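Here is what each chain is made of, one letter per residue.
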Amino acid sequence: MPQEEVVVAVPANWPPQYLRDPGTGNPTGFAVDIMDEVARLSGLKIRYEVFDSWPKVHQAVMDGRALVVPDLGITDERVKDYDFTIPIEVEHIRIFVRESNTDILGVESLAGRKVGVVEFNKGRHLMEARNESELVIFSSFEEAFLALLSGNVDAMIYPEKTVWMMAKVAGLDHQIKTAGPSLLEVKRGMAVRKGNPELLQILDETLWHLEQTATYRDIYSKWFKAPEPYWSVQRVATLMGGLLAVSVVILAAWRHVAVSRMNKILRASIRERERVEQALRKNQSQLRAIFQNVAAGIAVLSPAGRYLEINDKWGEMLGYSKKEIVGKTLMEMTFPADAEECRQRFNDLTANRVEGYRIEKRYLRKDGSLFWADLSMTRTFDPAGGSEALIAVILDVTEAKKTEDKLKRANRELESFVYTVSHDLRSPLTGIIGFADFLLEKHQETFDGQLKDCLGEIAKGGRKMQSLMEDLLALAKVGKVETPDRPTDASRVMQEVLKELSKRFDGVENRVRCAGLPEILVPDTLLSQVFLNLVGNALHYAGDGGQAIEVGGERDGKRVTYFVRDHGPGISADERDSIFEVFFRGSSGSKIKGTGIGLAIVQKIARLYGGRAWVVETPGGGSTFWVELCEEEPPAPLG
């Protein structure tokens with residue numbers, strides 16, 4: 001390997017692996033001593049870069065500012081970014097509690113407890129995976145340790161060696177203890193940035209030889225084992241009398257220092273608790289103001305569905321006073337026709353089958369009148385583990401429902417008109433086109449050029465109008481197709497579309513590449529319309545670019561998204577919002593045959609199934625069209 005300087009990244013303070021020498025300010029510790037010895041044995045030239053946190057160490061390696069971290073835990077997450085040598089040491093993740101604690105005996109005892117973890121540490125991931133405790137995440141070990149001593153958390157999860165080393169340095173090791181067995185054994189090795197196999201081999205081989213020597217054992221003993229006692233039995237016997245007197249003085253001084261330190265910790269804890277309580281009171285005041293003044297009805301209900309508390313807006317919407325509503329049940333003010341669905345949704349929530357729900361339903365006012373409301377209901381729990389409560393947020397959507405009904409009627413009338421006009425115009429158009437073609441064919445030799453041009457324009461205009469009528473009919477029919485009982489095989493539909501497009505374009509099978517099309521509960525006729533328009537457009541506008549048109553999809557629960565990606569000239573940013581409007585052709589489509597209805601059909605199908613269609617720029621040039629469809633529930637007719 002070339003004798004280039006290897007930059008080694010280390011944290012400033014993570015004993016006993018990493019510390020700063022108080023005299024020189026240079027890095028020291030177990031990991032640094034091992035790195036120095038490996039460099040000496042292998043002839044590597046190294047330079048240390050010190051960072052004040054683990055995230056900055058990691059970022060330096062990822063950015064290429066450093067190549068090696070001399071001692072790092074080997075985890076599944078880290079092997080994605082680093083290559084590791086053989087292990088240097090083994091670390092245990094343990095539970096730490098206060099010495100006075102008697103009821104935390106292991107990880108099972110932490111359920112429902114406040115547990116301190118450090119942000120970038122394996123202990124956090126372990127406890128998050130169990131999801132049984134109330135985790136308090138700290139940015140440093142010192143903050144977590146102080147929270148444990150002051151009683152702000154019940155336990156702390158952290159690597160064992162580091163905790164004992166830091167506690168001994170602070171003189172607080174007698175105030176803590178471990179609880180239960182090790183939660184995880186973590187092997188630690190030298191971490192090398194991915195892509196440096198030669199450097200990894202040098203470090204790995206040198207480290208293997210070093211671990212067989214007394215030098216390795218001396219370094220390990222220096223940092224992890226207690227030194228040999230200086231005072232022999234004879235020396236102790238000789239100086240016992242003097243030491244006894246000195247011990248009394250030292251004990252008194254130690255007690256004074258310990259009490260002062262503990263008082264300082266307790267005062268800090270009290271100040272922090274007062275700050276939290278003050279912030280809590282402020283938050284409660286703000287929440288109360290929001291509760292009373294928000295422009296929506298809010299109610300708190302018991303698990304049995306009885307109103308416990310409401311804001312003024314909900315009383316105003318119902319026409320009742322707060323006193324008249326509290327104690328009543330949710331169903332008493334529900335319109336009878338909506339009661340069954342409301343009762344079923346409520347039962348699902350209280351039985352923990354769902355975390356919340358949202359429905360549109362009708363309520364009865366005190367005067368007997370009806371109004372439509374959008375109801376959102378969710379659960380909440382007493383922080384002390386007390387009884388469950390339910391929170392309801394209600395919006396009056398009566399006017400929106402009226403507008404929606406008017407819009408549906410208008411859409412039905414418009415679609416009926418379009419359907420009728422398109423259908424009735426097809427017969428005369430067919431006749432016009434047929435007669436023009438007949439005259440051109442029959443009198444090819446007798447008509448002069450101008451007359452033949454006129455007949456050609458008549459036939460051409462007629463066919464364009466016929467194509468427009470067919471597209472308008474297709475647009476009008478969207479929403480009138482029933483949802484199938486079984487999911488549609490999107491790959492099969494795509495193959496049928498490609499077969500159809502091969503009649504209009506050459507080499508379609510080599511110009512379009514399909515992969516990963518999830519099936520979906522949508523009629524194959526509508527899915528075919530989506531693919532036919534999007535892939536047909538891509539072949540029209542970008543099919544000769546040399547790169548294949550890509551078609552794919554992905555599923556996220558009930559939502560399915562398909563895409564068609566081309567590498568053509570693309571669509572300008574100011575036209576992307578308008579491209580799905582009826583008859584809009586765009587600057588790039590003015591010279592290409594078409595009616596401007598195809599993308600409007602795609603957007604209408606997407607909206608029919610609770611989704612949308614949109615277009616973005618393909619990296620490197622071109623356009624990627626996305627269509628989102630939802631299987632959540634049968635679509636509502638757009639007309």
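The rules behind these values
Residues numbered from 1 in each chain as written. Predicted model: local features only at pLDDT ≥ 70, side-chain atom pairs only at ≥ 80, totals over all residues. Heavy atoms only, no water. Helix = DSSP H or I, 4+ residues; strand = E, 2+ residues; numbered from the N terminus. Buried < 20%, exposed > 50% of the residue type's maximum accessible area, 1.4 Å probe, protein only. Areas by Shrake-Rupley, 256 points an atom, 1.4 Å probe, with all protein chains shown as cover. pLDDT = per-residue confidence, 0-100. Contact = heavy atoms within 4.5 Å. Pairing = 2+ DSSP bridges. Axes fitted to C-alpha atoms, helices over the stretch in contact; angles between N-to-C directions. Salt bridge = Lys/Arg side-chain N within 4 Å of Asp/Glu carboxyl O. Expected span 1.5 Å × (residues − 1). Arc of directions from axis to C-beta. Phe/Tyr/Trp six-rings, centres within 6.5 Å; stacked < 30°, edge-to-face > 60°. Lys NZ or Arg CZ within 6 Å of the ring centre and 35° of its normal.

**Some details on the overall build of the chain**
Here's step 1: The helix and strand tally for the chain stands at 17 helices and 21 strands.
Here's step 2: Each of the 639 residues in the chain was classed as buried or not, and the buried ones make up 38%.
Here's step 3: Entry remark: accessible area of the chain is about 35900 Å², with carbon and sulfur atoms responsible for 53%.

**A short note on the confidence of the model for the chain**
Keep in mind that low pLDDT regions are not for reading the predicted coordinates in detail.
Here's step 1: Taken over all residues, the pLDDT of the chain has a mean of 83, while the share at 70 or more is 83%.
Here's step 2: Every residue in residues 226-236 is under pLDDT 50, and counting partners more than four places away or in other chains gives three contacts.

**Re the sheet that holds strand β21 (residues 623-630)**
Here's step 1: Within the open sheet, the five strands sit side by side as β17-β18-β19-β21-β20. Their pairing is mixed. On the outer flanks of this sheet lie β17 (512-514) and β20 (612-617), each paired with one strand and no other. Neighbour to neighbour, the strand axes of the sheet diverge by 20 degrees on average, direction disregarded.
Here's step 2: Where strand β18 (residues 549-556) and strand β19 (residues 559-565) come together, seven bridges link them in antiparallel fashion.

**Things to note about unusual backbone geometry**
Here's step 1: For the bond from Pro 15 to Pro 16, the omega torsion is 0 degrees, close enough to zero to count as cis.
Here's step 2: Relative to the helices and strands, Pro 16 is located in the loop between β1 (5-11) and β2 (19-20).
Here's step 3: Look at Asn 131: it is not a glycine, yet its phi comes out positive at around 55 degrees.
Here's step 4: Inspection of the secondary structure puts Asn 131 in the loop between α3 (122-130) and β8 (134-138).
Here's step 5: We note that Asn 352 has phi near 65 degrees; this positive angle belongs to a residue other than glycine.
Here's step 6: Assignment of secondary structure puts Asn 352 in the loop between α11 (339-350) and β14 (356-364).

**Some remarks on the pattern of salt bridges**
Pairs can form between side chains of opposite charge once their charged atoms are near each other.
Here's step 1: Within the structure shown, the criterion is met by 35 salt bridges.
Here's step 2: Close ionic contact of Glu 185 with Lys 187 constitutes a salt bridge, the shortest N to O distance being 3.7 Å.
Here's step 3: Two residues, Arg 492 and Glu 496, come together in a salt bridge whose shortest N-O distance is 3.0 Å. With Arg 492 and Glu 496 both in helix α14 (residues 490-501), this residue pair falls four residues apart, about one helical turn.

**Points about α11**
Here's step 1: If you check α11, its first and last C-alpha atoms are 16 Å apart, about what twelve residues at 1.5 Å a residue would give, namely 16 Å.
Here's step 2: Looking at α11, one finds that the buried residues are Ala 339, Cys 342, Phe 346, Asp 348 and Leu 349.
Here's step 3: Directly beyond the C-terminal end of α11, a positive phi value near 65 degrees is found at Asn 352.

**A short note on helix α2 (residues 54-62)**
Given 3.6 residues per helical turn, the α-helix brings residues three or four places apart onto the same face.
Here's step 1: Turning to α2, its buried residues number three or more, namely Trp 54, Val 57, Ala 60 and Val 61. Down the axis of α2, the sector holding all buried residues measures 120 degrees, keeping them to one side.
Here's step 2: Looking one or two residues past α2, Gly 64 carries a phi angle of roughly 85 degrees, positive in sign.

**Thoughts on the side chain of Asn 121**
Here's step 1: Note on placement: Asn 121 falls in the loop between β7 (114-118) and α3.
Here's step 2: In contact with Asn 121, other than residues within four places in its own chain, are Ile 157, Tyr 158 and Pro 159.

**Considering the environment of Arg 217**
Here's step 1: Position of Arg 217 among the secondary structure elements: in helix α7 (residues 214-224).
Here's step 2: You can call Arg 217 partly exposed: its relative accessible area is 47%.

**Concerning the packing of aromatic side chains**
Here's step 1: This model, assessed by the stated rule, comprises 18 aromatic pairs.
Here's step 2: With 6.4 Å between their ring centres and 70 degrees between their planes, Trp 314 and Phe 371 make a pair best called edge-to-face. Of this pair, Trp 314 sits in helix α9 (residues 312-318) while Phe 371 sits in strand β15 (residues 370-381), and the two are 57 residues apart along the sequence. You'll find Trp 314 and Phe 371 in the same group, each marked buried.
Here's step 3: Grouping aromatic residues by their ring pairs yields a cluster made of Trp 14, Tyr 18, Trp 54, Phe 141, Phe 145 and Tyr 158.
Here's step 4: The ring of Phe 224 has Lys 161 sitting right over it, with the charged end atom 4.2 Å from the ring centre.
Here's step 5: The cationic tip of Lys 401 hangs over the ring face of Trp 372; the distance from NZ or CZ to the ring centre is 4.3 Å.

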